[in-house]
Amino acid sequence: MFYETVIISFIVGILSLFAIGVQKNNLHALILTDLLECSLLCIIAAVGTDLAEALILPGLVVSMAEILAIAEVLVVREKVRGKKLNDFKINFDLEILRTSPLFISIILVIYGAILSGFTGGAVIASGLLYYFFCKRVLGENIINRVKWVGICGFSGIAWSLWIVGFLGFYLFPKYWLVFLLFAGLGLVIKVCSKLGLLGMAE
Amino acid sequence: MISLYVGLILLLIGCIGALFGPKVDNIMIRLLNIEVSAVGVMLIFLSFDETLALMTYIAINAPLTYVLVRTIIKLEGKK
């Protein structure tokens, strides 16, 4: 079980690294980085212990953050060079885009709140993103209604709640359950609000 | 056990498809090939009983695809 996974992941990783080295186009190289990330996650997952599972989460966060940053750098670089970029505006009218978003996003938000922690935050964020995209595709302007800076500040407060919960583990180990709930609540609010901001990207 | 082998095969096929497959010069086709590998990764997580990692990977994969598609549309949309 362990050896097959590690061997195939190494084959995939080495092939994709080779392809990134040969590639001339930056956008193709960025997408192949996603493939490299898959093989790295499989190598960690092959260990199969709880610690390995806990190590996958920061790996996911870091890979997502770096793909976001590099994608934004590529876009901004083309802007600085003075090239005209295509508009990210899609307009089409489907029945499902009008009826489904409220229901699906509410279910995802409730499920994410039950999960809590980083996982729950990501689930809630995907629900929020689905809602925002459906509204935007239908042509409703949702960006002006939601204040960007306000969500950032809210996320910062939630992050400090997470820090308080984490400190509480060491200062008052007797009440660990309370501080565990603090940390889980802070992290879920922080991750969902930060990832949800993606829905307002121009 | 069978989910592990299906996952490994999907991972390998997605990688080969993304690197040497037909029409990979079109970047959307390359992205769709990589999604096959992503499903393979999910099956591998499932077979090692890593629920938390599986849930997070599924939830993260949706915004990630959105970010990549947005970049593709902005940089080389109408050509």
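Please read these numbers as outputs of a predicted model, since none were measured by experiment. (Residues numbered from 1 in each chain as written. Chains lettered and ligands numbered in written order. Predicted model: local features only at pLDDT ≥ 70, side-chain atom pairs only at ≥ 80, totals over all residues. Heavy atoms only, no water.)

S.K.: Please give an account of the domain arrangement of chain A that cites residues and values.
M.R.: Assigned domains within chain A: domain 1 (2-80) and domain 2 (95-200). One C-alpha centre belongs to domain 1 of chain A, the other to domain 2 of chain A, and the line joining them spans 25 Å. (Domains from an automatic or database assignment.)

S.K.: Give me the lowdown on the pattern of salt bridges, citing residues and values where you can.
M.R.: Enumeration over the complete set of coordinates arrives at two salt bridges over all chains. With its nearest N and O atoms 3.4 Å apart, the salt bridge here joins E72 of chain A to R70 of chain B. Of this pair, E72 of chain A sits in helix α3 (residues 50-80) while R70 of chain B sits in helix α3 (residues 51-76), placing the two residues on different chains. On the basis of relative accessible area, E72 of chain A is assigned to the partly exposed category, the value being 33%. For R70 of chain B, a relative accessible area of 9% translates into the label buried. With a closest N to O distance of 3.4 Å, E78 of chain A and R81 of chain A form a salt bridge. (Salt bridge = Lys/Arg side-chain N within 4 Å of Asp/Glu carboxyl O. Helix = DSSP H or I, 4+ residues; strand = E, 2+ residues; numbered from the N terminus. Buried < 20%, exposed > 50% of the residue type's maximum accessible area, 1.4 Å probe, protein only.)

S.K.: Which residues make up the environment of Y5 of chain B, and what are the values?
M.R.: Note that Y5 of chain B resides in helix α1 (residues 2-20). The sequence separation of Y5 of chain B and F20 of chain B amounts to 15 residues, and the corresponding C-alpha distance is 22 Å.

S.K.: Pulling in residues and values, what's your account of the nonpolar core?
M.R.: Taken as a class, soluble globular proteins show a tendency for nonpolar side chains to be buried jointly. If you look at the biggest cluster of nonpolar residues, it comprises 54 residues, and the most contacted ones within it are L11, F45 and Y57 of chain B. In terms of domain composition, this core takes at least three residues from each of domain 1 (2-80) and domain 2 (95-200) of chain A. In this view, F45 of chain B contacts L41, A45 and I56 of chain A together with E50, A53, L54 and Y57 of chain B; residues no more than four positions away in its chain are not counted. (Core = buried A, V, L, I, M, F, W, Y, C linked by side-chain atoms within 4.5 Å. Contact = heavy atoms within 4.5 Å.)

S.K.: Explain helix α4 (residues 95-115) of chain A to me, and be specific about the residues and the numbers.
M.R.: Residue and element names in this part refer to chain A. Between its first and last C-alpha, α4 extends 31 Å over 21 residues, near the 30 Å set by a 1.5 Å rise per residue. If you look at α4, its biggest bend is around 40°, right at P101. Buried residues along α4 sit in contact with α5 (117-137) and α7 (176-196). Directly beyond the C-terminal end of α4, a positive phi value near 60° is found at S116. (Expected span 1.5 Å × (residues − 1). Bend = angle between axes of the 7 residues up to and from the residue.)

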